[in-house]
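Chains, contacts and geometry: an overview
These are the residues of each chain, in order.
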Amino acid sequence: MEIDGDVEETRRVQVRFTTKLQFPFKTPPTSIAIPSNLTRMGLSAVVNNLLEAGNPDWKPEPFDFLIDGELVRMSLEQFLIAKGISAAKEKILEIEYIKAVVPRNEEEPSLHDDWVSAVDGSNPGFILTGCYDGLGRNLIIEVIPIIYDPTFSRLWKAAGSCTHILEGHSDAITSVKFIDPKGLESVNSSVVATASKDRTLRLWKVDAGNHRDLHLKISAYKILRGHNASVQSIAAQPSGNMVCSGSWDCTINLWRTDEFDVEGDLVSVKKRKVNNEAEESQSEGEAVSNIVGHTQCVSSVVWPQHETIYSASWDHSVRRWDVETGKDSWNLFCGKVLNCLDVGGESSALIAAGGSDTVLRIWDPRKPGTLTPVFQFSSHTSWISACKWHSKSWFHLLSASYDGKIMLWDLRTAWPLAIIDSHKDKVLCADWWKGDSVVSGGADSKLCISSEIAVHDRNNLRRRSMVLLGTSIALVLAKGPYSTRKPNPLKESMFFF
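The shown structure was predicted, so the numbers you read here are calculated from the model rather than taken from an experiment.

Moving on to the overall build of the protein. Summing up its helical and strand segments, the protein has 6 helices and 39 strands in all. Residues classed as buried in the protein amount to 57% of the 497 residues present. By sequence separation, contacts in the protein at least 24 residues apart represent 56% of the contacts at least 6 residues apart. In the form shown here, the protein has an accessible surface area of approximately 21,500 Å², with 48% of it arising from carbon and sulfur atoms.

On to the state of the cysteines. On inspection of all chains with the given rule, the structure shows 0 disulfides. The structure places no disulfide on Cys-250, whose sulfur is separated from the nearest cysteine sulfur, that of Cys-297, by 7.6 Å. Lacking any disulfide linkage, Cys-387 is separated from the closest cysteine sulfur, that of Cys-340, by 3.7 Å.

Counted by the stated rule, this structure contains 10 aromatic pairs. A centroid spacing of 6.4 Å and a plane angle of 70° characterise the contact between Phe-17 and Tyr-97, whose relative ring orientation is edge-to-face. Taken as a pair, Phe-17 in strand 1 (residues 12-18) and Tyr-97 in strand 5 (residues 93-99) lie far apart in primary sequence, 80 residues in all. For the pair Phe-17 and Tyr-97, a shared accessibility class is recorded, and that class is buried.

Now for the sheet that holds strand 25 (residues 298-305). Strand pairing in a sheet relies on backbone hydrogen bonds. The paired strands run either parallel or antiparallel. If you trace the 4 strands from one edge of the open sheet to the other, you get 25-26-27-28, paired in antiparallel fashion. Two strands in the sheet have a free side with no partner beyond their single neighbour: strand 25 and strand 28 (328-333). Neighbour-to-neighbour, the strand axes of the sheet open up by a mean angle of 15°, direction not taken into account. Where strand 27 (residues 317-322) lies against strand 28, 5 bridges are found, and the strand directions are antiparallel. Bridge pairing in strand 28 places Arg-319 opposite Asn-331.

In terms of nonpolar packing, the biggest core is built from 27 residues, with Phe-17, Phe-63, Phe-65, Ile-67 and Leu-93 touching the most fellow members. Those elements giving two or more residues to this core turn out to be strand 1, helix 1 (40-54), strand 3 (63-67), helix 2 (76-83) and strand 5. For this core, the element with the most residues is helix 1, which contributes 4 residues. Listed in part, the 20 residues of the second largest apolar core include Ala-100, Ile-406, Leu-408 and Ile-420.

Averaged over all residues, the pLDDT of the protein is 81; the fraction at 70 or higher stands at 76%. Per-residue pLDDT stays below 50 along residues 147-159; that stretch engages in 30 contacts with residues further than four places along the chain or on separate chains. Here residues 459-497 is modelled with pLDDT under 50, and outside its nearest four sequence neighbours on either side it reaches 98 contacts, counting other chains as well.

Further remarks concern the pairing of strand 30 (residues 350-355). Burial runs high along strand 30: 6 of the 6 residues are buried. Of the two faces of strand 30, the one holding Leu-350, Ala-352 and Gly-354 and the one holding Ile-351, Ala-353 and Gly-355 are both buried throughout. For strand 29 (residues 338-344) and strand 30, the ladder comprises 6 bridges, and the chain directions are antiparallel. Within the sheet, the bridge partner assigned to Asp-342 lies in strand 30 and is Ala-352. Where strand 29 hands over to strand 30, the hairpin turn is made up of 5 residues, of which Gly-345 adopts a positive phi near 70°. Both strand 30 and strand 31 (residues 360-363) contribute to a ladder of 3 bridges, which runs antiparallel. Bridge pairing in strand 31 links Ile-351 to Trp-363. Counted between consecutive antiparallel strands, the loop separating strand 30 from strand 31 contains 4 residues, among which Thr-358 sits at a positive phi close to 75°.

This paragraph deals with the pattern of salt bridges. According to the stated counting rule, one finds 14 salt bridges in the structure shown. For Glu-77, the salt bridge is made with Arg-11, and the minimal N-O distance between the two is 2.9 Å. Separated by 66 residues along the polypeptide, Glu-77 in helix 2 and Arg-11 in the segment before strand 1 bring together distant segments of the chain. On the accessibility criterion, Glu-77 (22% relative accessible area) is partly exposed. Its salt-bridge partner being Glu-70, residue Lys-83 comes within 3.4 Å of it at the nearest N-O pair. Of this pair, Lys-83 sits in helix 2 while Glu-70 sits in strand 4 (residues 70-71); the two residues are 13 residues apart in sequence, bridging distant segments of the chain.

Here is what the cut-offs are and how they apply
Residues numbered from 1 in each chain as written. Predicted model: local features only at pLDDT ≥ 70, side-chain atom pairs only at ≥ 80, totals over all residues. Heavy atoms only, no water. Helix = DSSP H or I, 4+ residues; strand = E, 2+ residues; numbered from the N terminus. Buried < 20%, exposed > 50% of the residue type's maximum accessible area, 1.4 Å probe, protein only. Contact = heavy atoms within 4.5 Å. Areas by Shrake-Rupley, 256 points an atom, 1.4 Å probe, with all protein chains shown as cover. Disulfide = S-S within 2.5 Å. Phe/Tyr/Trp six-rings, centres within 6.5 Å; stacked < 30°, edge-to-face > 60°. Pairing = 2+ DSSP bridges. Axes fitted to C-alpha atoms, helices over the stretch in contact; angles between N-to-C directions. Core = buried A, V, L, I, M, F, W, Y, C linked by side-chain atoms within 4.5 Å. pLDDT = per-residue confidence, 0-100. Salt bridge = Lys/Arg side-chain N within 4 Å of Asp/Glu carboxyl O.

Structure below.
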């Protein structure tokens with residue numbers, strides 16, 4: 001059995017490994033004595049040897065370990081001392097193991113013509129990307145299927161073939177979003193919203209079932225005009241009937257997504273020839289509402305609830321807006337330019353944001369009387385360009401940065417769980433896809449997919465005894481010595497077998 005550490009000159013600890021994983025991941029319930037200087041790699045080697053002893057066909061699997069609900073990110077001895085946990089000879093220490101949240105597979109990247117500046121992984125069958133073109137040509141959005149199609153008699157590669165090209169913008173794409181308006185006539189149809197430096201938003205209908213013709217070109221059914229500067233971010237209302245947009249003109253606009261609006265939103269209808277044969281309607285719309293309050297670029301917007309929009313800005317603020325009144329009901333200033341924002345975590349109530357100072361901050365607006373972040377993560381070395389909560393976990397989120405890295409985080413430790421280093425230049429966007437993959441785009445003109453990431457869903461997390469916020473563990477992570485110490489990512493953030 002290969003384990004790290006000097007086993008001859010260290011004390012041993014009596015432990016019992018437990019797990020909520022099912023067969024064949026369960027070890028025998030008996031306790032064993034192990035060296036106290038083992039790190040998680042050594043602990044993982046012990047568990048893998050125990051599993052292999054009962055299953056000769058077992059293949060090594062990376063694991064993470066929790067003691068009293070907190071992830072172990074140092075040697076066992078150091079962890080016990082730091083947390084004041086007794087490990088007397090007569091005491092059996094229970095250590096829970098879970099599948100490590102690390103990508104086990106890197107797909108072949110999909111090359112674009114220029115920077116991949118936006119990505120949306122919310123559709124389990126498709127990936128939507130926006131491409132940045134510095135030469136000012138008409139830009140494209142690509143919908144990429146990652147599926148096996150027997151009618152084609154071949155396997156679509158992980159980085160896929162482009163099935164649809166959405167043409168029409170006259171400058172760089174800055175944000176893309178799948179939306180699902182109520183009343184959409186076909187279950188095979190998807191509505192896509194895009195934003196651009198050309199100051200417009202565009203809405204498109206994509207036939208998800210029609211991907212036999214690669215690079216099928218389609219036109220927007222609606223153009224939304226009203227911003228006076230580049231549109232930086234878009235988000236969809238949960239119902240899909242409206243979208244909001246943040247712009248360099250410091251405003252947030254609200255728009256209807258239906259093809260022909262009622263209440264005066266419709267400005268004009270144009271007819272466009274398609275292949276010199278058919279004519280296609282294309283309407284233009286105006287904003288139905290305008291939210292004012294930021295003093296610099298609105299860099300990111302999210303719309304998690306019907307009546308609430310969150311925004312981040314280069315004016316150093318995060319704000320929560322009441323959709324009906326257009327007033328901010330909560331705001332904070334962090335003193336740094338903010339690039340990205342997402343809402344999720346426990347009860348979908350935690351706010352994550354990143355920007356110019358390399359620190360990923362997380363706030364809980366439910367905590368009265370304080371605007372101090374409840375968590376701060378500082379392993380990146382350049383601007384943070386994207387952050388995204390996992391939709392089925394209270395603890396997990398990702399961040400992307402101009403340092404070329406994507407980091408996977410768990411609120412139960414100050415160290416990144418994994419560092420994805422697929423890009424050779426700035427990472428401009430990232431998202432979760434299908435729950436177990438990360439999709440990302442960058443200045444290297446690549447769409448990258450890191451897959452087979454084992455993230456535990458929130459139904460299992462609810463059953464844990466640890467309450468996420470308000471506990472001593474949470475406070476240690478937020479303010480204790482391990483949150484201010486900058487970890488060595490090469491040594492402490494990721495491992496494979």
